[in-house]
Amino acid sequence: MRHHLFNARNLDRYRDDMTSGLDALVGHVAGVTQPFSGTGVPSVAHRVAEVDLDQPLGDLDAVIDEMRTVYLDDAVWFHEPRYLAHLNCPVVIPALVAELFVSAVNSSLDTWDQSAGGTLVERRLVDWAAGRIGFGEEADGVFTSGGTQSNLQALLVARGQAYLSGDADPAEPLAQTLTRFRIFASRDSHFSVQKSANVLGLGLDAVVTVPTDDRHRMDPWLLDAEITRARAAGLIPMAVVATAGTTDFGSIDPLNRVADVCADHGVWLHVDAAYGGGLLVSTRRRHLIDGVERADSVTIDFHKTFFQPVSSSAVIVRRGDDLRHVTYHADYLNPRSAALPNQVDKSLQTTRRFDALKLWLTLRVMGADAIGDYLDDVIDLAHVGHGLLRDDPDFEVVVAPTLSTLVFRFRPAGVPEGIADEVNPRIRRTIAGRGNAVIAGTVVDGRAWLKFTLLNPETTADDLRAVLDLIREIGRELLDELRAEARG
Ligand SMILES: *Cc1c(COP(=O)(O)O)cnc(C)c1O
């Protein structure tokens, strides 16, 4: 049974099996006409449960057929133009070619003796990203599995630095000091900030929510006031998290003014650019994240606005030396005496995929400008979509887009707020059950809204019009039902 091992003796089998897989995938995608099948949980759950994992089928083609029933037939397709829900992107082909090498060579990016050149490729990309940010020579960073992990690592480093700062009292027990640490983030920041605070042992009150303006951007004056108030109360401002592209609104906190506040107070500035990071390669909108170069740390999700397959993210810090807060030594892996370059000293992970290779091939085949153009195109489309919503009496829209999200709801004249709150989530569920589009929902100030997240450069204004018409049609039916119920 050793013929299943990938090695030089089994290359014919490898080629045959990969070809079978590739043919099945290509054949399947060629037949995909909508982003989702519309299936519900019970039918998939039944098919998944039915498989006897202790009875292998052996034959790859049979297994692929079975996989269709548990996975592929009901997969959600981000490349379909009417997939408009979350921050998932269609992926670029050079990155998929890279995946082939990433998984078959299977380098692990922790140490030189498990990756060799891979270590240097990742380092070049970190340096490249740092250069795009505008950091200097001292910058460093590491690839991670996603924005959640990048944010956690950035805040872990910030915690280490805050502990060393004059604010912490060395005589106080560490556990107690940690409960005095505060992180400041806008009310529209990502929930991974809360999660990180919890993981870092800071306690449940650690994240101070800073109010936002009418475009959902952090208010720098109120940030300043909150930091001043915290200090006066004997608390220790550990970090400010500015979001460059909030998940719901794509809003970008005023980075330069937030950086001024951080500089005044001597507080770590982390910029969560998980979503907005793609602006680093935009040829038309790079200015939207001016000020990012003043951060102490930055999160970028390549698997969002760089059109990379999951996972691919990085945390980049202004002073590479600060990464020592994640450095631990193991005699077998990275002894203190080791002279070889390694990445494990900079990472929360040990064994780690060579995700950086995907971005490398992407940049080498397409170039950064082409990626930036994809992003600019979806931002253009968001502006067109905003115009459609603004001019349509059946819809309300929250704000003009900065990036590529639109938060809106179906609410024709005369429909009370409460009814709109009931109807909009039902519209979303109805559409999910049909599968010919996938849209998201969110809550703003306690009210139910719908959301488009546009990340597919192939989505057109006609797609948006068609989905809005679908929403309108379903919405009207639901309103009629409610009226009939009210009468009956
Ligand atoms: C998506 C996102 C994250 C989390 O990133 P993952 O890659 O999903 O872990 C963090 N912050 C913001 C602003 C995001 O949009």
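The structure displayed is predicted, hence computed values, not measured ones.

Rules behind the numbers
- Residue indices follow the written sequence of each chain, beginning from 1 at its first position.
- Restriction of local features to residues with pLDDT of at least 70 applies here, the model being predicted, together with a cutoff of 80 or more for giving and counting side-chain atom pairs; totals for whole chains, interfaces and linings are based on all residues.
- Processing note: side-chain calculations cover all non-hydrogen atoms of the structure and skip hydrogens and water entirely.
- Here the bounds of each domain stem from an automatic or database domain assignment.
- Should any heavy atoms of two residues lie within 4.5 Å, those residues are considered in contact.
- Buried area, as used here, totals the accessible surface that two parts lose on assembly, with accessibility defined by a 1.4 Å probe and the loss added over both.
- Residues belong to one nonpolar core when they are buried, are Ala, Val, Leu, Ile, Met, Phe, Trp, Tyr or Cys, and are joined through side-chain atoms within 4.5 Å.
- Summary of the burial criterion: residues with accessible area below 20% of their type's maximum are buried, those above 50% are exposed, and those between are partly exposed, where the area comes from a 1.4 Å probe applied to protein chains only.
- Secondary structure elements are taken from DSSP: a helix is a run of H or I of four residues or more, a strand is a run of E of two residues or more, and numbering for both begins at the N terminus.
- Pairing of aromatic rings covers Phe, Tyr and Trp, the last counted by its six-membered ring, and requires centre-to-centre distances within 6.5 Å; plane angles under 30 degrees mean stacked, over 60 mean edge-to-face, and any other angle means tilted.
- Two distance rules govern patches: like charges are joined within 9 Å, and nonpolar side chains (Val, Leu, Ile, Met, Phe, Trp, Tyr) within 5 Å, applied only to residues with over 30% relative accessible area and no salt bridge.
- The Shrake-Rupley method, run with a 1.4 Å probe, gives the accessible areas here. Residue values count only the displayed protein chains as cover.
- Any Lys or Arg side-chain nitrogen located within 4 Å of an Asp or Glu carboxyl oxygen qualifies as a salt bridge.
- Think of it this way: one heavy atom of a residue within 4 Å of a molecule or strand is enough to make that residue near it.
- N or O atoms within 3.5 Å of each other form a polar contact, as long as, within protein, one can give a hydrogen and the other can take it, and as long as residues adjacent in sequence are counted only when both atoms are side-chain atoms.
- Amino acids are sorted into nonpolar (Ala, Val, Leu, Ile, Met, Phe, Trp, Tyr, Cys and Pro), charged (Asp, Glu, Lys and Arg) and polar (every other residue, Gly among them).
- DSSP-based pairing: two strands are paired if at least 2 bridges between them are found.
- Angles shown run from 0 to 180 degrees and are taken between the N-to-C directions of axes, each axis being a line fitted to C-alpha atoms and, for helices, limited to the stretch in contact.
- Angles below 35 degrees are treated as roughly parallel, those above 145 as roughly antiparallel, those between 65 and 115 as roughly perpendicular, and all remaining angles as oblique.
- Throughout, a crossing is termed right-handed when the near helix is turned clockwise from the far one, and left-handed when it is turned anticlockwise from it by less than a right angle.
- The span you would expect from a helix comes to 1.5 Å times its residue count less one.
- This arc corresponds to the set of directions leading from the helix axis out to the C-beta atoms.

Participant: Please provide a residue-by-residue account of the domain arrangement of the protein, values included.
Facilitator: Split into domains, the protein comes out as domain 1 (8–75), domain 2 (107–365) and domain 3 (369–487). Taken together, the contacts link 26 residues of domain 2 with 26 residues of domain 3. Around 2,200 Å² of area is buried between domain 2 and domain 3 when both sides are counted, 57% of it from carbon and sulfur atoms. When the area that domain 2 buries against domain 3 is broken down by residue, the three leading residues are Asp248, Phe249 and Phe307, summing to 29%.

Participant: Run through the nonpolar core, naming residues and quoting values.
Facilitator: Val240, Val271, Phe452 and Ile471 are the most contacted members of the largest nonpolar core, which has 89 residues in total. Of all the elements, helix α16 (residues 461–487) adds the most residues to this core, at 10 residues. Residue contributions to this core reach at least three from each of two domains, namely domain 2 (107–365) and domain 3 (369–487). Setting aside residues up to four positions removed in sequence, valine 271 forms contacts with Ala242, Ala244, Leu255, Val292, Ala295, Ser297, Val298 and Thr299. With 25 residues, the next largest nonpolar core counts Ala197, Ala206, Ile236 and Trp268 among its residues.

Participant: How would you sum up the packing of aromatic side chains? Please name residues and give values.
Facilitator: Under the definition given, this model contains 8 aromatic pairs. For the pair phenylalanine 307 and tyrosine 374, a centre-to-centre distance of 5.3 Å together with 80° between the ring planes defines the contact as edge-to-face. Taken as a pair, phenylalanine 307 in the loop between α12 (302–305) and β7 (313–317) and tyrosine 374 in helix α14 (residues 368–390) lie far apart in primary sequence, 67 residues in all. Under the relative-accessibility criterion, tyrosine 374 is labelled partly exposed at 30%.

Participant: Which residues make up a nonpolar patch on the surface, and what are the values?
Facilitator: Residues Met18, Val91, Ile93, Leu96, Val97, Leu100, Phe101 and Val105 make up a contiguous nonpolar surface patch of about 700 Å² in total accessible area. Sort the elements by how many residues they give to the nonpolar patch and helix α4 (residues 93–105) lands first, with 6 residues. Relative to the helices and strands, leucine 96 is located in helix α4.

Participant: Report on the pattern of salt bridges, specifying residues and quantitative values.
Facilitator: For the coordinates displayed, the defined rule picks out 41 salt bridges. Of the charged contacts in the structure, one is a salt bridge between aspartate 445 and arginine 187, with a shortest N-O distance of 2.9 Å. Of the two residues, aspartate 445 is situated in the loop between β10 (440–444) and β11 (447–453) and arginine 187 in the loop between β2 (181–186) and α9 (192–199); the sequence distance between them amounts to 258 residues. One salt bridge in this structure joins glutamate 417 and arginine 409, with 2.7 Å as the shortest N-O distance. Overlapping salt bridges, with partners in common, bring together Glu396, Arg409, Arg411, Glu417, Asp421 and Arg447 in one network.

Participant: Can you lay out the site of the ligand for me, pointing to particular residues and giving the numbers?
Facilitator: Taken together, the neighbourhood of the ligand is formed by 16 residues, with Gly147, Thr148, Asp272, Asp301 and Lys304 sitting nearest. A distance of 2.8 Å separates an oxygen atom of the ligand from a polar atom in the backbone of glycine 147. Threonine 247 is positioned with one of its side-chain polar atoms (N or O) 3.2 Å from an oxygen atom of the ligand. Burial of the ligand by the surrounding chains reaches 86%, relative to a free accessible area of 380 Å². Taken together, the elements giving at least two residues each to the shell around the ligand come down to α7 (147–164) and α12. Looking at which element gives the most residues to the shell around the ligand, the answer is α7, with 3 residues. A class-by-class count of the residues in the shell around the ligand yields 3 nonpolar, 10 polar and 3 charged.

Participant: I'd love a proper account of the sheet that holds strand β9 (residues 405–410), names of residues and values included.
Facilitator: The strand order β8-β9-β11-β10 describes an open sheet built from 4 strands, whose pairing is antiparallel. Strands with a single pairing partner mark the edges of an open sheet, and in this sheet they are β8 (395–397) and β10. For this sheet, the mean angle separating the axes of adjacent strands, direction not counted, is 40°. Across 5 bridges, β10 lies against β11 in antiparallel orientation. The residue bridging valine 444 from the neighbouring strand is arginine 447, located in β11. Across the sheet, α14 is in contact with β8 and β9; its angle to β9 comes to roughly 20°. Lying on the sheet, α16 is in contact with β8, β9 and β11; it crosses β9 at an angle near 30°.

Participant: Tell me about the packing of helix α15 (residues 417–434) against α16, and name the residues and values.
Facilitator: For the pair α15 and α16, interaxial distance at closest approach is 9 Å and the crossing angle is 125°. By the angle between their directions, the pair α15 and α16 is classed as oblique. α15 and α16 meet at a crossing whose hand is right-handed. Note on element contacts: α16 touches α15 through Leu470, Ile471, Glu473, Ile474, Gly475, Glu477, Leu478, Leu479, Glu481 and Leu482, opposite Ile419, Glu422, Val423, Arg426, Ile427, Thr430, Ile431 and Arg434. When its residues are assigned to classes, the contact of α15 with α16 shows 10 nonpolar, 2 polar and 6 charged.

Participant: So, the sheet that holds β7: which residues are in play, and what are the values?
Facilitator: Strands sit in the order β1-β7-β6-β5-β4-β2-β3 across an open sheet of 7 strands; the sheet is mixed. With one partner strand each, in any of the chains shown, β1 (140–144) and β3 (207–210) form the two edges of the open sheet. Mean inter-strand twist for the sheet, computed between neighbouring axes without regard to direction, equals 20°. Examined bridge by bridge, β2 and β3 share 4 bridges and lie parallel to one another. Bridge pairing in β3 places isoleucine 183 opposite valine 207.

Participant: Got a sec to walk through the pairing of strand β6 (residues 297–301)? Specific residues and values, please.
Facilitator: Within β6, 5 of the 5 residues are buried, leaving the element largely enclosed by the surrounding structure. Burial along β6 is two-sided: Ser297, Thr299 and Asp301 and Val298 and Ile300, pointing in opposite directions, are all buried. Sheet topology note: the strand β5 (residues 268–273)/β6 ladder contains 4 bridges and is parallel. Its bridge partner being in β6, alanine 273 is matched across the sheet by isoleucine 300.

Participant: Tell me what's going on with helix α10 (residues 220–232), and back it up with residues and numbers.
Facilitator: Relative to the 18 Å expected for 13 residues at 1.5 Å per residue, α10 spans 18 Å between its end C-alpha atoms, a close match to the ideal helical length. Residues Pro220, Leu223, Glu226, Ile227 and Ala230 constitute the buried set of α10. All buried residues of α10 fall inside an arc of 115° around its axis, so they share one side. Away from the buried face of α10 by more than 90 degrees, exposed residues Trp221, Arg229 and Ala232 are located. The elements touched by buried residues of α10 are β2, β3, β4 (236–243) and α11 (255–265).

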